[in-house]
Amino acid sequence: MLPALRRFFLIVTACFVAHLFAIPAFTQAPAKLLATTTGVFRTSNEAVADPSLEELNSLGAQGQTIQQARAEVLLILGGENACSAWYRGAEPDVAEKFRSLRFAVDSGGASEILKLASWNDDPYYYQPYVARTGQNVGRGSTIALNANGAFFKSVAAVRVVNKLKDPGFINSNRPLVVGRYSGATLQARILTMLHEYGHVLDMLPVDAGVPSGPLISTRNTDTVLRHCMPQIQAQVKHSRKKTSEIFPAQASLTLRATLNHQGAFRQQRNQFFVSRGESDLPPRFD
Ligand SMILES: [Zn+2]
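Here we summarise the structure given alongside this text. (Residues numbered from 1 in each chain as written. Predicted model: local features only at pLDDT ≥ 70, side-chain atom pairs only at ≥ 80, totals over all residues. Heavy atoms only, no water.)

**Some details on the nonpolar core**
Thinking step 1. By size, the foremost hydrophobic cluster in this structure holds 46 residues, and its most contacted members are Ile 66, Leu 77, Tyr 87, Phe 98, Leu 194 and Tyr 197.
Thinking step 2. Top contributing element to this core by residue count: helix H6 (residues 186-200), with 8 residues.
Thinking step 3. What Tyr 87 contacts, discounting residues up to four positions off in sequence, is Leu 77, Val 94, Leu 194, His 195, Tyr 197, Gly 198, Leu 201, Met 203, Val 224 and Cys 228. (Core = buried A, V, L, I, M, F, W, Y, C linked by side-chain atoms within 4.5 Å. Buried < 20%, exposed > 50% of the residue type's maximum accessible area, 1.4 Å probe, protein only. Helix = DSSP H or I, 4+ residues; strand = E, 2+ residues; numbered from the N terminus. Contact = heavy atoms within 4.5 Å.)

Written out as structure tokens, the structure reads:
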């Protein structure tokens, strides 16, 4: 490992790690770096000034996607609930610090699920990473989002390899997930941001560049879900209700599409994990 790369692993945590090859430092490859800093978070009824809003919107669909999830996370962290209380244990100004964070989109991030087929009866699957950030870092730090990971995508091609750095071959497509949520859903995006924020505040152990990183990442996601799942569910429900009030016809179509997608996803996921044994389980990414 190159010294520069080793240094990167020491200071950066890549979450929901999946690919087995060297992880490119997002500081070298962000396609778009978004400033989302300097806003002062207010909890009063007045409109909250947000200088980053226009900037995020100027990035088109990806910027709007980030902005939507970020807004929902801010509502969770700005409210009085079990999730915000958990984060407040590490950072009193929990919403304001989250609001100061920057976002980068890694457009060249890994895009394939790797299936390590050396042990064919119980193969290992590695998702492309979803997001990464620094461990125990200050205001204005960056969360990098993989443009090809489960924050933005719901499905990825599976490349079957026999060993590390084997070129392998593509043989199927599989769903991407974040915790219990399918990729590219609002729930998955909120959970991703909350997970990364846990690293920013040093509340979760480093899960990249360390042995058993994928397993630790899965446990970290479970920890966030344990504290925040009710708020994630409630926030998404509220968001859907709001949308349906403003755009009733569109909301109906979206709901139908979501239900169809969830049905297909459940079916695929059941097939996906059917070969996992009960002991010595491979690292899951759900
Ligand atoms: Zn992590």
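**Describing the pairing of strand S8 (residues 155-161)**
Thinking step 1. With 5 of 7 residues buried, S8 lies mostly within the body of the structure.
Thinking step 2. Judged from the 4 bridges that link them, strand S4 (residues 113-116) and S8 form a sheet pairing that is parallel. Looking at S8, one finds that Lys 115 is bridged to Val 160.
Thinking step 3. Bridge count between S8 and strand S9 (residues 169-175): 6 bridges; the pairing is antiparallel. Counted as the bridge partner of Val 158 is Ser 172 from S9. (Pairing = 2+ DSSP bridges.)

**Comments concerning the sheet that holds S8**
Thinking step 1. Within the open sheet, the 4 strands sit side by side as S5-S4-S8-S9. Their pairing is mixed. Unpaired on one side and paired on the other, strand S5 (124-126) and S9 mark the two borders of the sheet. Averaged over all pairs of adjacent strands, the angle between their axes in this sheet comes to 30 degrees, without regard to strand direction. (Axes fitted to C-alpha atoms, helices over the stretch in contact; angles between N-to-C directions.)

**Regarding H6**
Thinking step 1. Its 15 residues place the ends of H6 21 Å apart at the C-alpha level, agreeing with the 21 Å of an ideal helix rising 1.5 Å per residue.
Thinking step 2. Burial of H6 is extensive: 15 of the 15 residues sit out of reach of the surface.
Thinking step 3. Where H6 ends, the next residue or the one after it, Asp 202, has phi of about 60 degrees, a positive value. (Expected span 1.5 Å × (residues − 1).)

**Here we look at the packing of aromatic side chains**
In this description, a pair of aromatic rings is defined by centroid distance and the angle of the planes.
Thinking step 1. Enumeration over the complete set of coordinates arrives at 5 aromatic pairs.
Thinking step 2. With a centroid separation of 4.9 Å and an interplanar angle of 70 degrees, the aromatic rings of Trp 86 and Tyr 87 are classed as edge-to-face.
Thinking step 3. Exposure remark for Trp 86: the relative accessible area of 18% places this residue in the buried category.
Thinking step 4. Here Phe 98 and Tyr 197 contribute two aromatic rings whose centre-to-centre distance is 5.2 Å and whose plane-to-plane angle is 75 degrees, an arrangement assigned as edge-to-face. Placement of Phe 98 in helix H5 (residues 94-100) and of Tyr 197 in helix H6 is noted, with a sequence separation of 99 residues between them. When sorted by exposure, Phe 98 lands in the same class as Tyr 197, which is buried. (Phe/Tyr/Trp six-rings, centres within 6.5 Å; stacked < 30°, edge-to-face > 60°.)

**Side note on the pairing of strand S7 (residues 142-146)**
Thinking step 1. Across the 5 residues that make up S7, a large majority, 5, are buried.
Thinking step 2. Burial along S7 is two-sided: the face carrying Thr 142, Ala 144 and Asn 146 and the face carrying Ile 143 and Leu 145 are both buried.
Thinking step 3. Across 5 bridges, the pairing between strand S3 (residues 102-106) and S7 is parallel. Counted as the bridge partner of Ala 104 is Ala 144 from S7.
Thinking step 4. Here strand S6 (residues 131-134) pairs with S7 via 2 bridges, running antiparallel.

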